[in-house]
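# What the coordinates show
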Amino acid sequence: GRMEEAQPASKASIAAREKDLGNAAFSAGQFTEAVQHFTNAIEHDPRNHILFSNRSAAYASLKDYENALKDANQTVLLQPNWIKGYSRKGIAHYFLGQYNEAAEVYAEGLDYDMSSDLLQNGLQDVIEAVEKQEVLSIEDANREPPSTVPKLKGAAWVPLITPYTRTNKINWIAIDQLVNFYANKGVSGLLLFSTVGESSALSIEERLHISRRVVAAAKGRLSVVAVGNYGGNIDEQVSCVQKTYNTGVDAVAVIVSQLARQSESEDVWKENFTKFVEKTGNIPLGFYESTLPYTRPVTPELLTWTMATGHIHFLFDIGDTRAGLHSKVAAAKSQADFRVFNMNVTTSLYGLQLGPSVGICDAASAAYPDLYGRPSHTHPTPPIPFSLVSLIPPTRKPIKCGWQATTTRTDSSLLFCTAF
């Protein structure tokens, strides 16, 4: 009888055979051969995400990270919910020195599985690489103040939080992402190191690193002001201000209550302030009414006196009454381009109605940049939720909104709004 002819091997069987050969070559350290076998397999099964993943790993082992990235992209495209694809892609970006892209990929994969050690470890490697890079980037060169004081524009500002990793280190990648997030939401500027939250646990060196990182990430899209005096005697505070300004920030905010003890009079404070500004020279300065180490409000009279020195150009005001805000704004009108940034959510809309010299910089603006980035002095009708928050009677304080104060860096810093 007739002999049956041998049937050609199916595409699937050829792909499976080439995959096995590729895996064997990879295990033997023969990465070039592995690439060829996986390529042969892909020709017969081009929709198999595992084949692209395996070839990506082989390319990475050959240090050909460009091709490793191309195959990793194809892996994720074919199977978006497969964790290993994000790992392959993150590794390729990492070795290409594209740390922000790597972090974004790992974060995208973690959306599918937050418990993945593969992705968590990859993200931690990226953060540690950026940390080493950041430490090496320190510059000690003195920076000459500008001939004219930079203008701090815009209505919506944000007190930037400091993100940490699970191992209690500064998350440099998250800092970049936060800055980009706020820039894309229409925020005008950032205040660094408001002392009512997690930033109070930072060392001076860490603050300087963060300032430099934020300035680099902002790329001129947002103004950046950093708090610059953290205690100590006048000379120590001046040194901190100078180092802070050297990081590239637009201006330095001075904590009012650091210039005199709580028991000391306003005359003593004025004497210390005079010594302070004589030594800081033409560095652009302003005030921050912090609650730490204690609250020392800037009265309209004191604001007028300090403005006359020519050294103070803005105020971050923590007062909680319309009358108090109004009186400071009125005093500030004697100096062109002086800005008052209102840090109290209940008087936000009222502050904007006082004119273009007033901006918003409170915890709610950090949590709701879409809401706060839209109102402006020329916007006749702010969004309804914004208007409702600002219509809270000034004689009562039915809500409290702010960053939960923390005593250690390991505590969570969460936005809270509570009725009382």
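Report on the accompanying structure. All figures in this text were calculated on a predicted structure; none of them were measured in a lab. Per chain, the residues get numbers from 1 upward, laid out in the order the sequence is written. Local features in this predicted model are restricted to residues whose pLDDT is 70 or higher, and side-chain atom pairs enter the listing and the counts only when it is 80 or higher, whereas totals over whole chains, interfaces and linings include all residues. The basis for every side-chain value is the complete set of non-hydrogen atoms in the structure, without hydrogens or water.

## Considering the overall build of the chain
Helix numbering and strand numbering both begin at the N terminus, where a helix is a DSSP run of H or I of at least 4 residues and a strand a DSSP run of E of at least 2. Looking only at helices and strands, the chain has 17 helices and 10 strands in total. Residue contacts follow a heavy-atom distance rule, with two residues in contact if any of their heavy atoms lie within 4.5 Å. In the chain, the proportion of contacts linking residues at least 24 apart, taken out of those at least 6 apart, comes to 67%. If you sum the accessible surface of the chain, you get close to 20400 Å²; carbon and sulfur atoms cover 52% of it. Here the open area of atoms and residues is found with the Shrake-Rupley method and a 1.4 Å probe, where only the protein chains shown may cover a residue.

## Details of the packing of aromatic side chains
Stacked, tilted and edge-to-face are the three classes applied to pairs of Phe, Tyr and Trp rings, where Trp contributes its six-membered ring and a pair requires centres within 6.5 Å; stacked means planes under 30 degrees apart, edge-to-face means over 60, and tilted covers the rest. As enumerated under the stated definition, the model contains 14 aromatic pairs in all. Look at phenylalanine 181 and tyrosine 182: their rings are 5.3 Å apart centre to centre, the planes differ by 65 degrees, and that puts the pair in the edge-to-face class. Relative accessibility under 20% of the residue-type maximum defines a buried residue, over 50% an exposed one, and the middle range a partly exposed one, all with a 1.4 Å probe and only protein chains included. Classification of tyrosine 182 by relative accessible area gives buried; the value is 5%. Among the aromatic side chains, those forming a connected cluster through ring pairs are Tyr65, Tyr94, Phe95 and Tyr99. Any Lys NZ or Arg CZ found within 6 Å of a ring centre and within 35 degrees of that ring's normal is scored as a charge over the ring. Lying over the aromatic face of tyrosine 230, arginine 207 brings its terminal NZ or CZ to 4.1 Å of the ring centre.

## Digging into helix α5 (residues 83-95)
The terminal C-alpha atoms of α5 lie 19 Å apart, and with 13 residues this matches the ideal 18 Å at 1.5 Å per residue to within 8%. Of all the residues in α5, the buried ones are Ile83, Gly85, Tyr86, Ser87, Lys89, Gly90, Ala92 and His93. Expected helix span is given by 1.5 Å per residue-to-residue step, counting one fewer step than there are residues.

## Overview of the pairing of strand β3 (residues 223-227)
Burial analysis of β3 places five of its five residues in the buried class, which makes it a mostly covered element. A two-sided burial pattern is seen for β3, the buried positions comprising Ser223, Val225 and Val227 on one face and Val224 and Ala226 on the other. Here β3 runs beside strand β4 (residues 251-255); their pairing, made up of three bridges, is parallel. Bridge pairing links valine 227 to alanine 253 in β4. Here is how to tell: hold the view so the strands point away, follow the path from the first strand over the helix to the second, and if it runs clockwise the crossover is right-handed. Considered for its hand, the β-α-β crossover made up of β3, helix α10 (residues 234-246) and β4 is right-handed. We call two strands paired when DSSP finds no fewer than two bridges between them.

## What about the sheet that holds strand β8 (residues 358-361)?
One closed barrel holds the eight strands; their spatial order is β1-β2-β3-β4-β5-β6-β7-β8, and the pairing between them is parallel. Pairwise comparison of adjacent strand axes, ignoring direction, gives a mean angle of 25 degrees for this sheet. The pairing of strand β6 (residues 312-317) with strand β7 (residues 339-342) spans four bridges and is classified as parallel. Bridge pairing in β7 links phenylalanine 314 to arginine 339. Sheet strands in contact with helix α8 (residues 172-184) are β1 (156-160) and β2 (189-192), and its direction is about 165 degrees off that of β1. In this description, a line fitted to the C-alpha atoms serves as the axis of each element, helices being fitted only across the stretch in contact, and the angle between N-to-C directions of two axes falls anywhere from 0 to 180 degrees.

## Some words on unusual backbone geometry
Put simply, leucine 292 and proline 293 share a cis peptide bond, and its omega is 0 degrees. Topologically, proline 293 is positioned in the loop between β5 (285-288) and α12 (300-307). The residue lysine 63 is not glycine, and still its phi comes out positive at about 65 degrees. By the secondary structure assignment, lysine 63 is in the loop between α3 (49-61) and α4 (65-78). Phi at phenylalanine 193 takes a positive value of approximately 70 degrees, unusual for a residue other than glycine. Its location among the elements puts phenylalanine 193 in the loop between β2 and α9 (204-218). On the basis of relative accessible area, phenylalanine 193 is assigned to the buried category, the value being 1%.

## What to know about the pattern of salt bridges
Salt bridges are defined by distance alone: a side-chain nitrogen of Lys or Arg within 4 Å of a carboxyl oxygen of Asp or Glu. Scanning the model with the defined rule gives nine salt bridges in all. Between glutamate 264 and arginine 261 there is a salt bridge whose closest N-O contact spans 3.3 Å. Judged by its relative accessible area of 60%, arginine 261 falls in the exposed class. Residue glutamate 266 is joined to lysine 270 by a salt bridge in which the shortest nitrogen-to-oxygen separation is 3.8 Å. One end of the pair is glutamate 266 and the other is lysine 270, both in helix α11 (residues 266-280) and four residues apart, which spans about a single turn. Several salt bridges share partner residues, and in doing so they unite Glu289, Asp317 and Lys328 into one network.

## Section: the side chain of serine 56
Mapped onto the fold, serine 56 is located in helix α3. Non-local contacts of serine 56, meaning those with residues more than four positions away in its chain, are made with Ala68, Asp71, Ala72 and Arg88.

## Remarks on the packing of α10 against α11
At a minimum axis separation of 10 Å, α10 and α11 run at an interaxial angle of 40 degrees. Overall, the two elements α10 and α11 adopt an arrangement that is oblique. The hand of the α10/α11 crossing is right-handed. Residue-level inspection shows Ile234, Asp235, Gln237, Val238, Val241 and Gln242 of α10 in contact with α11, the latter providing Asn272, Lys275, Phe276, Lys279 and Thr280. For this classification, Asp, Glu, Lys and Arg are treated as charged, while Ala, Val, Leu, Ile, Met, Phe, Trp, Tyr, Cys and Pro are nonpolar and the rest, including Gly, are polar. A breakdown of the residues in the contact of α10 with α11 according to their chemical character gives four nonpolar, four polar and three charged. Convention used here: angles under 35 degrees read as roughly parallel, angles over 145 as roughly antiparallel, angles from 65 to 115 as roughly perpendicular, and any remaining angle as oblique. Should the near helix be turned anticlockwise from the far one by less than a right angle, the crossing is termed left-handed; should it be turned clockwise, right-handed.

## Comments concerning the environment of valine 225
Position of valine 225 relative to the elements: it lies in strand β3. Each C-alpha atom of the pair valine 225 and glycine 189 lies 7.7 Å from the other, and the pair is 36 residues apart in sequence. Apart from residues lying up to four places away in sequence, valine 225 is in contact with Leu152, Trp157, Leu190, Leu191, Leu192, Ala251, Val252, Ala253, Phe314 and Phe316.

## What to know about the packing of α12 against helix α13 (residues 322-332)
Running from N to C, α12 and α13 point in directions that differ by 25 degrees, and their axes come no closer than 9 Å. Between α12 and α13, the crossing angle belongs to the class labelled roughly parallel. In this structure, the crossing between α12 and α13 has a hand that is right-handed. Of α13, the residues touching α12 (which contributes Pro300, Leu303, Thr304 and Met307) are Ser327, Lys328, Ala331 and Ala332. Residues belonging to the contact of α12 with α13 are distributed by class as follows: five nonpolar, two polar and one charged.

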